[in-house]
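Structural characterization, general
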Amino acid sequence: MQNNILHGNYTSSRTFKQLKLPLELEFNIPADDPVRLVDTFVEEMDLSDLYKTYARIRKNQATPSQLLKIVIYSAMNRLYSSRSIETACRRDINFMFLLDGMPAPDHATIARFISVHLAACPHKIMAEMDKILYGLGEISARNIFIDGTKIESAANKYTFVWKKAVSKNLSKLMEKVLSLVEAAEETFGLHIAHNNRISLHTLKRMRKKLCKIKKDSGISFVHGTGKRKSPVQKSVELTEYYINKLQEYVAKLHLCGSRNSYAKTDEDATFMRMKEDAMLNGQLKPAYNLQHGVDSEYIVWAELFPSPTDTNTLIPFLQNLSQFLDLPYKNIVADAGYESEENYRYIELNGQTAYIKPNNYEISKKRSFRQDIGRRENMTYEADRDCYICHAERCLSRQYVRNYKTRSGYRREVTVYSGDCSGCGLKASCIKGNNCKTALEERNKVLNVSKYMDRQRKACLERLSSPFGAQLRMNRSIQAEGSFANTKEDMGMRRYSYRGRSNVLTQSIVVALAYNIMRLDNRIKTGRVGLHLYELKKIA
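Report follows, based on the coordinates.

The rules behind each value
- Residues numbered from 1 in each chain as written.
- Predicted model: local features only at pLDDT ≥ 70, side-chain atom pairs only at ≥ 80, totals over all residues.
- Heavy atoms only, no water.
- Helix = DSSP H or I, 4+ residues; strand = E, 2+ residues; numbered from the N terminus.
- Rg over C-alpha atoms; globule rule 2.2 N^0.38 Å.
- Buried < 20%, exposed > 50% of the residue type's maximum accessible area, 1.4 Å probe, protein only.
- Contact = heavy atoms within 4.5 Å.
- Areas by Shrake-Rupley, 256 points an atom, 1.4 Å probe, with all protein chains shown as cover.
- Lys, Arg positive; Asp, Glu negative; His and termini not counted.
- Charge placed at Lys NZ, Arg CZ, Asp CG, Glu CD.
- Patch = residues over 30% accessible without salt bridge, like charges linked within 9 Å, V, L, I, M, F, W, Y side chains within 5 Å.
- Salt bridge = Lys/Arg side-chain N within 4 Å of Asp/Glu carboxyl O.
- Axes fitted to C-alpha atoms, helices over the stretch in contact; angles between N-to-C directions.
- Parallel < 35°, antiparallel > 145°, perpendicular 65-115°, else oblique.
- Left-handed = near helix turned anticlockwise from the far one by under 90°.
- Nonpolar A, V, L, I, M, F, W, Y, C, P; charged D, E, K, R; others polar.
- 1 Å grid on protein atoms, 1.4 Å probe; cavity = no way out; pocket = protein on both sides within 12 Å on 5 of 7 lines; lining within 4 Å.
- Points joined across faces, edges and corners; volume = space filled by probe spheres on them.
- Polar contact = N/O pair within 3.5 Å; in protein donor to acceptor, adjacent residues only side chain to side chain.
- Pairing = 2+ DSSP bridges.
- Phe/Tyr/Trp six-rings, centres within 6.5 Å; stacked < 30°, edge-to-face > 60°.
- Right-handed = clockwise from strand over helix to strand, strands pointing away.

Looking at the overall build of the chain
Secondary structure assignment for the chain yields 18 helices and 13 strands. For a compact globule of 540 residues, the expected C-alpha radius of gyration is about 24 Å, and the chain comes in at 32 Å, more than 25% above that figure. Summarising its shape, the C-alpha atoms of the chain cover approximately 100 × 95 × 40 Å along the three principal directions. For the chain, buried positions account for 45% of its 540 residues. Once local pairs closer than 6 in sequence are excluded, the contacts in the chain between residues at least 24 apart make up 66%. Looking at the chain as shown, the accessible area adds up to about 30300 Å², and 50% of this sits on carbon and sulfur atoms. Taking the average location of the 84 positive side-chain charges in the chain and that of its 59 negative ones, the two points are 7 Å from each other.

A short note on a positive patch on the surface
A cluster of basic residues, Lys-164, Lys-168, Lys-172 and Lys-176, forms a positive patch at the surface. Relative to the assigned elements, Lys-164 resides in helix 9 (residues 163–188). Given the relative accessible area of 75%, Lys-164 is considered exposed.

Thoughts on the packing of helix 2 (residues 34–44) against helix 4 (residues 64–76)
Orientation of helix 2 relative to helix 4, taken along the N-to-C sense of each, is 140°, at an axis distance of 10 Å. Comparing the axis directions of helix 2 and helix 4 gives the class oblique. Crossing angle aside, the handedness with which helix 2 passes helix 4 is right-handed. For the pair formed by helix 2 and helix 4, the contact residues are Pro-34, Val-35, Val-38, Asp-39, Val-42 and Glu-43 on the first element and Ser-65, Leu-68, Lys-69, Ile-72, Tyr-73 and Met-76 on the second. A class-by-class count of the residues in the contact of helix 2 with helix 4 yields eight nonpolar, one polar and three charged.

With respect to the layout of surface pockets
By volume, the largest pocket is sized at about 910 Å³. Lining the largest pocket we find 35 residues, and of these Thr-309, Thr-311, Asn-312, Arg-407 and Ser-408 sit closest to its centre. Of all the elements in the fold, those that place two or more residues in the lining of the largest pocket are helix 12 (314–324), helix 13 (341–349), strand 11 (395–405), strand 12 (411–418), strand 13 (446–449) and helix 16 (451–465). The residue makeup of the lining of the largest pocket, split by class, is ten nonpolar, 14 polar and eleven charged. Lining the second largest pocket are 19 residues, and of these Arg-376, Glu-377, Tyr-388, Asp-454 and Lys-458 sit closest to its centre. Put simply, the parts of the chain that give the lining of the second largest pocket at least two residues each are strand 9 (380–382) and helix 16. When residues of the lining of the second largest pocket are assigned to their parent elements, the largest contribution, six residues, is made by helix 16. Counted by class, the lining of the second largest pocket contains nine nonpolar, three polar and seven charged residues.

Details of the pattern of salt bridges
Note on pairing: side chains with opposite charge can pair once their charged atoms come close. Enumeration according to the criterion identifies 30 salt bridges in this entry. One salt bridge connects Lys-432 with Asp-372, and the closest N-O pair in it is separated by 3.9 Å. Residue Lys-432 is located in the loop between helix 15 (427–430) and strand 13, and its partner Asp-372 is located in the loop between helix 14 (367–370) and strand 9; the two are separated by 60 residues in the primary sequence. Assessed through its relative accessible area of 18%, Asp-372 is described here as buried. Salt bridges sharing partners connect three or more residues here, namely Glu-138, Glu-297, Arg-523 and Arg-528.

Comments concerning the environment of Tyr-381
Residue position: Tyr-381 is located in strand 9. Sequence-wise, Tyr-381 and Cys-395 are 14 residues apart; in three dimensions their C-alpha atoms are separated by 9.6 Å. Beyond its immediate stretch of four places on either side in the chain, Tyr-381 contacts Asp-386, Cys-387, Tyr-388, Tyr-417 and Lys-451. Within the structure, Tyr-381 has its side chain in polar contact with the side chain of Asp-386 (distance 2.8 Å).

Structural notes on the sheet that holds strand 9
The five strands are arranged 9-10-11-12-13 in an open sheet whose pairing can be described as antiparallel. Every interior strand has two partners, whereas the edge strands, strand 9 and strand 13, have only one. Between one strand axis and the next, the sheet turns through 35° on average, direction left out of account. In this structure, strand 12 lies alongside strand 13, joined through four bridges in antiparallel fashion. For Ser-418, the partnering residue across the bridge sits in strand 13 and is Val-446. The sheet contacts of helix 16 involve strand 9, strand 11, strand 12 and strand 13, and relative to strand 12 the element is tilted by about 95°.

Considerations on empty space enclosed by the protein
Enumeration over the complete set of coordinates arrives at four cavities of 30 Å³ or more. The space that makes up the largest cavity amounts to roughly 110 Å³. If you go around the largest cavity, you meet 13 residues; those closest to its centre are Cys-390, Ala-392, Cys-421, Cys-424 and Cys-430. A volume near 90 Å³ is recorded for the second largest cavity.

Observations regarding the packing of aromatic side chains
According to the stated counting rule, one finds ten aromatic pairs in the structure shown. When the ring of Phe-160 is compared with that of Phe-271, the centres are 5.8 Å apart and the planes differ by 80°; the resulting orientation is edge-to-face. Pair noted here: Phe-160 is in strand 2 (residues 160–162) and Phe-271 is in strand 4 (residues 270–273), with a separation of 111 residues, a long-range link. The buried category is assigned to Phe-271, whose relative accessible area is 3%. Put simply, the rings of Phe-160, Trp-162 and Phe-271 touch in pairs and so form one group of aromatic residues.

Quick notes on unusual backbone geometry
Look at Ala-141: it is not a glycine, yet its phi comes out positive at around 60°. Look at Ala-141 and you get buried, because its relative accessible area is 2%.

Topic: the pairing of strand 8 (residues 353–356)
Note on strand geometry: in a regular strand, side chains alternate between the two faces of the sheet. Of the two faces of strand 8, the one holding Thr-353 and Tyr-355 and the one holding Ala-354 and Ile-356 are both buried throughout. In terms of strand pairing, strand 7 (residues 331–334) meets strand 8 through four bridges, oriented parallel. Residue pairing across strands places Asn-331 opposite Thr-353, the latter belonging to strand 8. Following the chain from strand 7 across helix 13 to the adjacent parallel strand 8, one finds a crossover that is right-handed.

So, in structure tokens, the structure goes:
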């Protein structure tokens, strides 16, 4: 018996067991198991875009449809590693049921399916799921709740590149380059720089001329201890070093783009301040800003952004949503992080209604806000005279209109109001800013007011204060924030397993697909099918 064990054939050491019915795996899986819902749901989807990514599909191997089922069901079971998924395909009868008799794919096939084939059409796959949910009546297509969170990248923590540091080093390098060019012109009689303008092309031209001097003079370069380098060799080597550093800094600034940083091991990730701070020192980690659009508890859209703030993500999120989905969303519900004049303007031009909480919504409830005499909200506005009356009964009249462009390119119109505050006893409480170089006695109160922004904020606040607006605010907290709570805590999606924006976006959408199927399964079993909004609790 011991010899049989050592041979590696473990079945030869014992007698064979008798086969027993049932032989089919399907009989061992309960009728209400979520794996059956995954199988049925994916079969209803149009996967033609996914199949187009294959040049040919081999026989006796898992099809793209079966691989998609496996990837979705793996996310439902907190499995994100391709090796863990491979092990589950070999051992778990639920995964065998999805394979339908096909051999288990290896980890390389699974990883290639996610990063090559599924990454080519993630949004189209998600749009297919949304169409099915809309056809089932599970999506209202009227209200969309938008929220975002930061999820850590798979990049190493301390591989940061800071745009400010690179720009500073680049300016120092250009000073050294200018000194080198001036020295070369004086020493070798060259004429390289024109109007003191230095570029990478200038350095390459200088290197070419120095090499020509070396060749004409018959100078040979020396290396090693005890060898004295000639001035030409020193200039050529220093020029080569500066060229390499200049190319390195330019490449880093190009990778940063509009961002302030990136990670060397995941160049699409940006360093952000995370809520999960194990060191308790507020350190920055490479991460992505993941945005969810939720409707009737389902994640109908997901998008990634490099900026840590949510303000500039709303417009591209809605544009991307309308590009792939033809759903008539009328009400856009978001929290205070999305409020801006540009976002209000875009939503109004699209014929939609904004339910965005104002930035000062929470602080305006405090006593300190209402008692601050320097705030414009606590002053009296006289529309006929177009002026503000402060607490000292002085008039802040309209001075001029200023137009300026924001960082995103939006042109904003601001009206400037000011008045004579000389001799006012409330000036210390009204005028803020202790770092101003002008003495407080010489300063006057100045208000910068965007009238369009003021109108939109008041109208939005009025809508949010209505019973329907309060219901939308409550549902945003439950549905949008609940989607991140479930994906992070229940599904274990706290750190990405892949690098690069396309792969990370694919993983985010796979998690969203798995979340939607789990949500549909829960709603079917609890009898909540067709529920779009939770009702407000009635207080007696």
